[in-house]
Amino acid sequence: MGERREAGLKRGRGDPPGDADRLRALPAVHELAAELDAPHAVAVAAARRAIAQARAALSAGELPVDGLEQRLLRQARAALAELTGPSLRRVLNATGVIVHTNLGRAPLAAAAREAVARAAAGYSNLELELAGGARGSRHRHVERLLCELTGAEAAMVVNNGAGAVLLAVAALAGPGRGVVVSRGQLVEIGGGFRIPEVVAQSGSELIEVGTTNRTRTRDFERALAAAPGEVGAILRVHQSNFRTLGFVEQAPLAELCGLGAAVIDDVGSGVLANASGILALGEEPSIKESIRAGAALVCCSGDKLLGGPQAGLLMGGAGAVGAALEHPLARALRIDKLSLAALEATLRLYREPARAREQIPVLAMLDASDRVLSTRAELIRAAIGPEAELIRATAKVGGGALPLTELEGPAVALVSSADPAALAGALRAGDPPVIARIHDGRVLLDPRTLTDEEAQLVAAAAARAVADARAG
Ligand SMILES: *Cc1c(COP(=O)(O)O)cnc(C)c1O
């Protein structure tokens, strides 16, 4: 401490450095900014941020004056990278949660990515009939495919699943009309989507029937009889992210469709036919079956198990879809051309179930064989060395679908002595960031949500993070 340390900057005589000296050792913002290779304004912002961090650390006595200059430059460069780099970045999902809303839900199939690039690069016939030159509808690009895949008479798409449900309720019920919902289905999906609030936003009146655990067709019948002509629709909502077990009963959809009121079926994730033949999907409601049962409108998300872009699909009878198309909300909720391009390409893949299963990433991940997963896991384990071991773990579907399904498979557990939260933080701080999960006090890397190429990147990143942790 007695030794005088120059941080390359002026300080008054006398040692050891007191608080004032320590703070005076910091360079001026413009001096530090001059060291950065960047446009003036960002360089200044980065330098200011680094100096503020150092000032806080020095005041707290957490930073030796020794080596301050190098440290400041490093921090200023990190701040610069953050300020100039994109905010929305690619990350590697090693959580094993396939449809992870925080990580952007479904990765797109190659065909969908190419369609997006084509639509983005130039003009398109988004709303133009090429044959006659008249104005066309953007829904036309997916309507025929959706009808073909689900048996619906008509279809349209909006911005997301929540929008599809709001539009369906507003179009079939709306101000002055009632929407009948079972008390067991007044659910919250997450991200602020709550059925009673959605019904309220549509201007409709919520008519609750039944109980939390049991609702029968007779309950709906009574509600319709009590308010003849005033009920716009019956809304059935899939309990996406939870299950009720035991003494439970819900009215079958086919019976509800026979009561005379239009039925909206919000299936949430939605399985597009079970053409893909993936066993786990069998427990999610099938859109085709809802259409066959006679639902007026079936709503689902584009980016959950369907494996496409963010979108909300509405499929059903021509009259109901027409009412939704004409409702003013349809314009406010309309899908953009890039999502539409991705959706069309994704839906095309469903025409050949085997191809869908192979090329749509969400389906491929659900369907991944133990052999493929083990190869990826072993690659990661080997790169890290003795501080990693192969274990059996369970991945999740996520996205509020199949909450009880556990996808068993291999995973890599980090057995480093480092604090697991710190290790997970170091992985997130890497480039590209790796998102791991912590289970039983250990950091787990799950190969199910990685491609082969991504597994190699995770292997290198994890090896670095573990080595850094070892080095302290
Ligand atoms: C996910 C979900 C929604 C909302 O769909 P988003 O695409 O997330 O807007 C609505 N209803 C149900 C039943 C869902 O599972």
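Conventions and cut-offs
Residues numbered from 1 in each chain as written. Predicted model: local features only at pLDDT ≥ 70, side-chain atom pairs only at ≥ 80, totals over all residues. Heavy atoms only, no water. Domains from an automatic or database assignment. 1 Å grid on protein atoms, 1.4 Å probe; cavity = no way out; pocket = protein on both sides within 12 Å on 5 of 7 lines; lining within 4 Å. Points joined across faces, edges and corners; volume = space filled by probe spheres on them. Helix = DSSP H or I, 4+ residues; strand = E, 2+ residues; numbered from the N terminus. Nonpolar A, V, L, I, M, F, W, Y, C, P; charged D, E, K, R; others polar. Pairing = 2+ DSSP bridges. Axes fitted to C-alpha atoms, helices over the stretch in contact; angles between N-to-C directions. Contact = heavy atoms within 4.5 Å. Near = heavy atom within 4 Å. Polar contact = N/O pair within 3.5 Å; in protein donor to acceptor, adjacent residues only side chain to side chain. Areas by Shrake-Rupley, 256 points an atom, 1.4 Å probe, with all protein chains shown as cover. Core = buried A, V, L, I, M, F, W, Y, C linked by side-chain atoms within 4.5 Å. Buried < 20%, exposed > 50% of the residue type's maximum accessible area, 1.4 Å probe, protein only. Expected span 1.5 Å × (residues − 1).

### Comments concerning the domain arrangement of the protein
The domain boundaries assigned to the protein delineate domain 1 (21-84), domain 2 (92-101 + 364-471) and domain 3 (110-359). Centre-to-centre separation of domain 1 and domain 3, based on C-alpha positions: 52 Å.

### Quick look at empty space enclosed by the protein
Counted by the stated rule, this structure contains two cavities of 30 Å³ or more. Looking at the largest cavity, its volume works out to about 40 Å³. Leu373, Ala393, Thr394, Ala395, Leu407, Gly409, Pro410, Ala411, Asp446, Pro447 and Arg448 are the residues that line the largest cavity. Those elements giving two or more residues to the lining of the largest cavity turn out to be strand E12 (388-398) and strand E13 (407-414). It is E13 that contributes the most residues to the lining of the largest cavity, four residues altogether. Split by residue class, the lining of the largest cavity holds seven nonpolar, two polar and two charged.

### A word on the sheet that holds E13
Across the sheet, five strands lie side by side as E2-E12-E13-E16-E15; this open sheet has mixed pairing. For this open sheet the edge positions go to strand E2 (97-99) and strand E15 (437-439), each flanked by a neighbour on one side alone. Averaged over all adjacent pairs, the angle separating strand axes in this sheet is 45°, with direction ignored. In this sheet, strand E16 (residues 442-445) lies alongside E15 in antiparallel orientation, the contact comprising three bridges. By the bridge assignment, Arg437 is partnered in E16 with Leu444. Contacts from helix H17 (residues 370-384) reach E12, E13 and E16, with the element oriented near 5° to E13.

### Brief notes about the site of the ligand
Looking at the ligand, the residues that line it are Arg105, Asn160, Gly161, Ala162, Ile189, Phe193, His238, Ser240, Asp266, Gly268, Ser301 and Lys304. In this structure, Ser240 approaches the ligand through a side-chain N or O atom, which is 2.5 Å from an oxygen atom. Across the complex, the protein chains shield 93% of the 380 Å² of accessible surface that the ligand would expose by itself. Of all the elements in the fold, those that place two or more residues in the shell around the ligand are helix H7 (161-172) and strand E9 (262-268). A per-class count over the shell around the ligand returns three nonpolar, six polar and three charged.

### As for the nonpolar core
The nonpolar side chains of a soluble globular protein tend to be buried, and buried together. By size, the foremost hydrophobic cluster in this structure holds 45 residues, and its most contacted members are Leu313, Met315, Leu347 and Leu366. In terms of residue count, the dominant contributor to this core is helix H6 (residues 140-150) (five residues). Excluding anything up to four places from it in sequence, Met315 contacts Leu146, Thr150, Ala152, Ala154, Ala155, Ile287, Ile291, Ala296, Leu297, Val298, Cys300 and Val321. One finds Val169, Val198, Val199 and Val237 within the second-largest nonpolar core, a separate group that totals 32 residues.

### Thoughts on helix H14 (residues 337-349)
Every α-helical turn comprises 3.6 residues, leaving residues that sit three or four positions apart pointing alike. Compared with an ideal rise of 1.5 Å per residue, which puts 13 residues at 18 Å, H14 spans 19 Å between its outermost C-alpha atoms and is within 8% of the ideal. Within the sequence span of H14, burial applies to Ser339, Leu340, Ala341, Ala342, Leu343, Ala345, Thr346, Leu347 and Leu349. Turning to H14, the residues buried within the fold contact helix H5 (110-121), H6, strand E3 (154-158), strand E11 (312-316) and helix H15 (353-359).

### Description of the sheet that holds strand E10 (residues 297-301)
Reading across the sheet, the seven strands line up as E3-E11-E10-E9-E8-E4-E7 and stay open at both edges, with mixed pairing between neighbours. Both edges of this open sheet fall to E3 and strand E7 (205-209), since each of them pairs with a single strand only. Within the sheet, the average angular offset between the axes of one strand and its neighbour, ignoring direction, is 20°.

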